[in-house]
Amino acid sequence: MIGAGIKRGTAELAVLSILEDGPLHGYEMARRIEEQTKGALRFTLAALYPMLYRMEQRRWIRGSWETSDNGRRRRCYRLTPAGKKKLSPLRQEWSELFQALRRLKKVANA
Amino acid sequence: MPDWQALVRSQLDGLALKPHERAEVIEELAAHLDEVFEGARRQGFAEQDAAQRCLSEVKDWRDLRRRIQTARTMENIMTNRVKQFWLPSLLTLLLSMGLLALIQIFGPNPWMVARHSGWSLVAPVAVVYIPWLLSLPLIGAMGAYLSNRAGGSQRAVFSCIVFSVLPYLVFFLVALPVIAILDDRVAHNIMFAPLFIGLFAWVLAPGAALLAGGFLIQFFYARRLTGRRLVGN
């Protein structure tokens, strides 16, 4: 099970990555992240929305209301150019961190 | 299906955003809970269990409200800090100091009370001090109310309540020892009893009075939230 501190750090990367495939609303975003990480990353409403709003303020993502076929209104988020730009160095940072951890014998054997 | 809009609206009451932004947040969170509920129902959960699953999405609505507010007004993060901490704190400090000064100027004259008794030693201070002490719960309550209303965290609210005794605490814990050490003109026959009495009279007792008022407001806020939770259920 992944600890809370690491989860917090990876959450933004997870959201940006999942939005790279196309616009999604909050619930679907949380569902796909949980599914793709096999339950290791799970976003509750309380964890997800403050983060989405913060990312929106930073202009990494943009939300807009859309109406689905069944008439339900949902706020869909999409990556902005600034978000796309942010994603690459963020991936790089995490990749470097994982590589560094793998280089540590004890962590690699864990 | 439970009315998620009503639940979210009542739990996020006091979210200090523009009305249309607030309505958007409520609609979005309610839609999310709708989806969680339907998802759980599709998985075969009974209606009550599905509703319980939705409710477990948020453990602390007050904290969520604060985090949403901070996130949505991030460009004004200093403004939030000002509204949640600095403004209530400085106001409580100003009021408590101002009241002390006003009581000294316009309060009863100490020499009118029992000149030739033991009381005459205490009276000059007591006639100023006791009315001031009695006014402090009100000031603590005001600090707690203002910080709560601005969406302050528990820590911010607590700091606002006790902020006006901090200068005295600093004086006793830092300034007085530093003066005693550095100023060689001060006679160093330190008497601890008056120091402790001073600490009690100007820090502990006023702190307790401020907290009494502040905690009362906190209690009412907590009861209001519990009431909402029950309505939501």
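It should be noted that the structure appears before, not after, this text.
As the structure is a prediction and not an experimental result, all values here were calculated from the model.

Enquirer: Is there a simple way to think about the interface of chain B and chain A in this case?
Expert: Quoted interface sizes are often the accessible area lost when the parts come together. In this assembly, 23 residues from chain B lie in contact with 22 residues from chain A. Taken as a group, B:Glu28, B:His32 and B:Glu35 account for 29% of the area that chain B buries against chain A, more than any other trio of residues on that side. Remark: the boundary between chain B and chain A carries six salt bridges. At the junction of chain B with chain A, the criterion picks out 12 residue pairs in polar contact (both at pLDDT 80 or more). For the side of chain B that touches chain A, the secondary-structure elements that each account for two or more residues are helix H2 (19-42) and helix H4 (61-72) of chain B. The biggest single contributor to the side of chain B that touches chain A is H2(B), with 13 residues.

Enquirer: What is the right way to read the packing of aromatic side chains from this model?
Expert: Aromatic ring pairs are described here by two measures, namely the spacing of the ring centres and the angle between the planes. Applying the stated criterion to the full structure yields 13 aromatic pairs over all chains. With a centroid separation of 5.8 Å and an interplanar angle of 40°, the aromatic rings of A:Trp94 and A:Phe98 are classed as tilted. Here the residue A:Trp94 and the residue A:Phe98 both occupy positions in helix H4 (residues 81-103), the gap between them amounting to four residues, near one helical turn. Looking at A:Trp94, the relative accessible area reads 14%, which means it is buried. Ring geometry for B:Trp132 and B:Trp202: centres 5.3 Å apart, planes at 40°, overall tilted. Separated by 70 residues along the polypeptide, B:Trp132 in helix H6 (residues 119-149) and B:Trp202 in helix H9 (residues 192-232) bring together distant segments of the chain. Here a set of aromatic residues connected by ring pairs shows up, and it is made of B:Tyr129, B:Trp132, B:Tyr168 and B:Trp202. Taking the ring centre of A:Trp60 as reference, the NZ or CZ of A:Arg58 above it sits at 5.2 Å.

Enquirer: What am I meant to see in helix H1 (residues 4-11) of chain B here?
Expert: Note on helix geometry: an α-helix contains 3.6 residues per turn, so any two residues three or four positions apart are oriented the same way. Residues and elements named next belong to chain B. All buried positions along H1 are accounted for by Trp-4, Leu-7, Val-8 and Gln-11. Projected down its long axis, H1 carries its buried residues within an arc of 95°, all on one side. At the N-terminal boundary of H1, the capping side chain belongs to Asp-3, with an oxygen 3.3 Å from the backbone nitrogen of Gln-5.

Enquirer: How should I be thinking about the pairing of strand E3 (residues 73-79) of chain A in this particular structure?
Expert: Here is the key point about a regular strand: its side chains alternate between the two faces of the sheet. All names here are of chain A. The element E3 is largely enclosed, with a buried count of five among its seven residues. Pairing of strand E1 (residues 24-25) with E3 involves two bridges; the strand directions are antiparallel. From the neighbouring strand, Leu-24 faces E3, where its bridge partner is Tyr-77. As paired elements, strand E2 (residues 61-67) and E3 share seven bridges and run antiparallel to each other. Residue Glu-66 lies in a different strand from E3, and its bridge partner there is Arg-74.

Enquirer: Before we go on, may I ask you to explain the nonpolar core in this structure?
Expert: Burial of nonpolar side chains together is a common tendency in soluble globular proteins. With 51 residues, the main nonpolar core has A:Val15, A:Leu19 and B:Leu29 as its most contacted residues. Every residue in contact with B:Leu29, bar those within four places of it in the chain, is listed here: A:Leu45, A:Tyr49, A:Tyr53, B:Val8, B:Leu12, B:Leu64 and B:Ile68.

So, how was this worked out
Residues numbered from 1 in each chain as written. Chains lettered and ligands numbered in written order. Predicted model: local features only at pLDDT ≥ 70, side-chain atom pairs only at ≥ 80, totals over all residues. Heavy atoms only, no water. Contact = heavy atoms within 4.5 Å. Buried area = accessible area lost by both parts, 1.4 Å probe. Salt bridge = Lys/Arg side-chain N within 4 Å of Asp/Glu carboxyl O. Polar contact = N/O pair within 3.5 Å; in protein donor to acceptor, adjacent residues only side chain to side chain. Helix = DSSP H or I, 4+ residues; strand = E, 2+ residues; numbered from the N terminus. Phe/Tyr/Trp six-rings, centres within 6.5 Å; stacked < 30°, edge-to-face > 60°. Buried < 20%, exposed > 50% of the residue type's maximum accessible area, 1.4 Å probe, protein only. Lys NZ or Arg CZ within 6 Å of the ring centre and 35° of its normal. Arc of directions from axis to C-beta. Pairing = 2+ DSSP bridges. Core = buried A, V, L, I, M, F, W, Y, C linked by side-chain atoms within 4.5 Å.

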